[in-house]
Each structure stands twice: as C-alpha cells, then as structure tokens.
Amino acid sequence: FPTEAAPVETAEAGATRDVERPRTGEPAGEARTRPEDPRDPPRSFYALLEGKEAVMQEEEFDLVVGLSPRQTDGVAGPPMRRPEWSVGPYTVHIQVIADGFSLRPGESPRVDLRVTYDSPYPRAYLHLRAAPSDEEIDWRAVRAIYSIDGHTIGMAERIVVVARTEEARDRI
C-alpha cells in the first residue's frame, strides 16, 4: 500500500523509528536512514483531501490524503489538534471512507503518515474509481477519520460529483 513503514535502528542504542517508503505503489528503493529529529512538529493541522471535483463513472482519479497547514478548498472539517500527551514526532492514522468508489487493487483505505519536525505535513496518494450508477449526476462523499494512537482527533469530508455522460459532467 502507499505507505509502508519499516522499523529501522536509530543512532540511540536499541531505539527504532519508522522509515517512509514510496507511497505510489512503486517498488521501494533503498530506504535512507537518519536519526529522527526530536523537535515537536506543529500541534494542529487541517485535513488534506485533494482530488477532482467532478469525474465520469468508472474514471480513476488521484486522491491526495494527508495534513495541511491551512484549510483546503472543497474540504469540510475543523482544524485538528494533537492530544496534549503527544510530544515529538508521531504517526497519524487516516481511515478513508468512500462509498461509491473503489481503490486500485493492493491499495488500502487506511493511511499511516509519520509526522516530524522536518516533515510536518505529509501526504499519500490513493487511486479511486467511481462506480457506475443509473443516476445522470451523483454527489458522493469522500470522508477521512484522523486518529493518533487510537484516539480520534477529527474527520473531514469532500464531495465528488460523478457523471454518467460527458454532457452531464459539462453541466456541473
């Protein structure tokens, strides 16, 4: 899946951290390791759910999922704040719920992103395909639930318009 974490030995004896591997489904190259910066990343962020506003039925499109320093156009959801007990680098878990869409084979609706001082707003790419429908135009929600260490910190939603014909899509 787009994010694959592997434990890697750090400079401290016995300490491990996750190394980010490619998120596009491409074969992982050699992971670069370096000690993780212990400085605290930003304590709050907005959901990042970027993608096309309108697609054709059965059309595949990219959905960028992650964190953003500001509100993203077309995304409903308040700013999210880390729990006070969360200090230093952390992993945010994002569960994507997209009824009426399917993912590419091998992709998962769960995205785990490592947030660090040097990478405060990580992102991953999913590939959604709009399922066919009898409706000429259909409004479908793509939702994401964000959590840290099992604690839900927020949810966001983006509407994607799905058209059966190009003529219908052009009317949107």
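Calculation notes
- Residues numbered from 1 in each chain as written.
- Predicted model: local features only at pLDDT ≥ 70, side-chain atom pairs only at ≥ 80, totals over all residues.
- Heavy atoms only, no water.
- Helix = DSSP H or I, 4+ residues; strand = E, 2+ residues; numbered from the N terminus.
- Buried < 20%, exposed > 50% of the residue type's maximum accessible area, 1.4 Å probe, protein only.
- Contact = heavy atoms within 4.5 Å.
- Areas by Shrake-Rupley, 256 points an atom, 1.4 Å probe, with all protein chains shown as cover.
- Polar contact = N/O pair within 3.5 Å; in protein donor to acceptor, adjacent residues only side chain to side chain.
- Salt bridge = Lys/Arg side-chain N within 4 Å of Asp/Glu carboxyl O.
- Core = buried A, V, L, I, M, F, W, Y, C linked by side-chain atoms within 4.5 Å.
- pLDDT = per-residue confidence, 0-100.
- Pairing = 2+ DSSP bridges.

Helix and strand counts for the protein chain come out as 1 helix and 13 strands. Reading the secondary structure of the protein chain in the N-to-C direction produces β-β-β-β-β-β-β-β-β-β-β-β-β-α. Looking at the protein chain as a whole, 42% of its 172 residues are labelled buried. Summarising the internal contacts of the protein chain: among those between residues at least 6 apart in sequence, 66% fall at separations of at least 24. Carbon and sulfur atoms make up 47% of the accessible area of the protein chain, which amounts to about 9,600 Å² in all.

Bringing the side chain of Arg82 into the picture now. Mapping Arg82 onto the fold places it in the loop between strand 7 (80–81) and strand 8 (90–97). One polar contact links Arg82 to Asp40, side chain to side chain, over a distance of 3.1 Å. A distance of 3.1 Å separates a polar atom in the side chain of Arg82 from the backbone oxygen of Gly88. Here Arg82 is in contact with Asp40, Pro41, Pro42, Arg43, Val87, Gly88, Tyr90 and Ile148, once residues within four sequence places are set aside.

The next thing to look at is the pattern of salt bridges. This structure, assessed with the given rule, holds 10 salt bridges. Note that Glu59 and Lys52 form a salt bridge whose closest N and O atoms lie 2.5 Å from each other. A salt bridge links Arg164 to Glu136, with the shortest nitrogen-to-oxygen separation between them at 2.6 Å. Residue Arg164 is located in the loop between strand 13 (151–163) and helix 1 (166–170), and its partner Glu136 is located in the loop between strand 11 (123–130) and strand 12 (137–148); the two are separated by 28 residues in the primary sequence. By relative accessible area, which is 41% here, Arg164 ends up partly exposed. One salt-bridge network, in which partners are shared between bridges, spans Asp40, Arg43 and Arg82.

This paragraph deals with unusual backbone geometry. If you check the backbone angles, Glu58 has positive phi at about 70° while not being a glycine. Position of Glu58 relative to the elements: it lies in the loop between strand 4 (54–56) and strand 5 (60–68). Of note in the backbone geometry, Asp149 takes a positive phi value of approximately 50° without being a glycine. With respect to the helices and strands, the residue Asp149 is situated in the loop between strand 12 and strand 13.

If you look at the biggest cluster of nonpolar residues, it comprises 31 residues, and the most contacted ones within it are Leu67, Val92, Ile94, Phe101 and Tyr146. If you list the elements that add at least two residues to this core, you get strand 3 (44–50), strand 5, strand 8, strand 10 (110–115), strand 11, strand 12 and strand 13.

So, about the confidence of the model for the protein chain. Summing up the model confidence of the protein chain, the mean pLDDT is 84 and the portion of residues at 70 or higher is 80%. Mean pLDDT values for the elements of the protein chain range from 35 in strand 1 (residues 5–9) up to 98 in strand 11. Ignoring residues within four places in sequence, the model shows residues 1–31, a span with pLDDT below 50, making 61 contacts including any to other chains.

This part covers the pairing of strand 8. The element strand 8 is extensively covered by neighbouring structure, given that 6 of its 8 residues are classed as buried. Strand direction decides the pairing type here: strand 8 and strand 10, joined by 6 bridges, are antiparallel. By the bridge assignment, His93 is partnered in strand 10 with Asp112. Pairing geometry for strand 8 and strand 12, over 6 bridges, is antiparallel. What sits directly across from Gln95, in strand 12, is Ile145.

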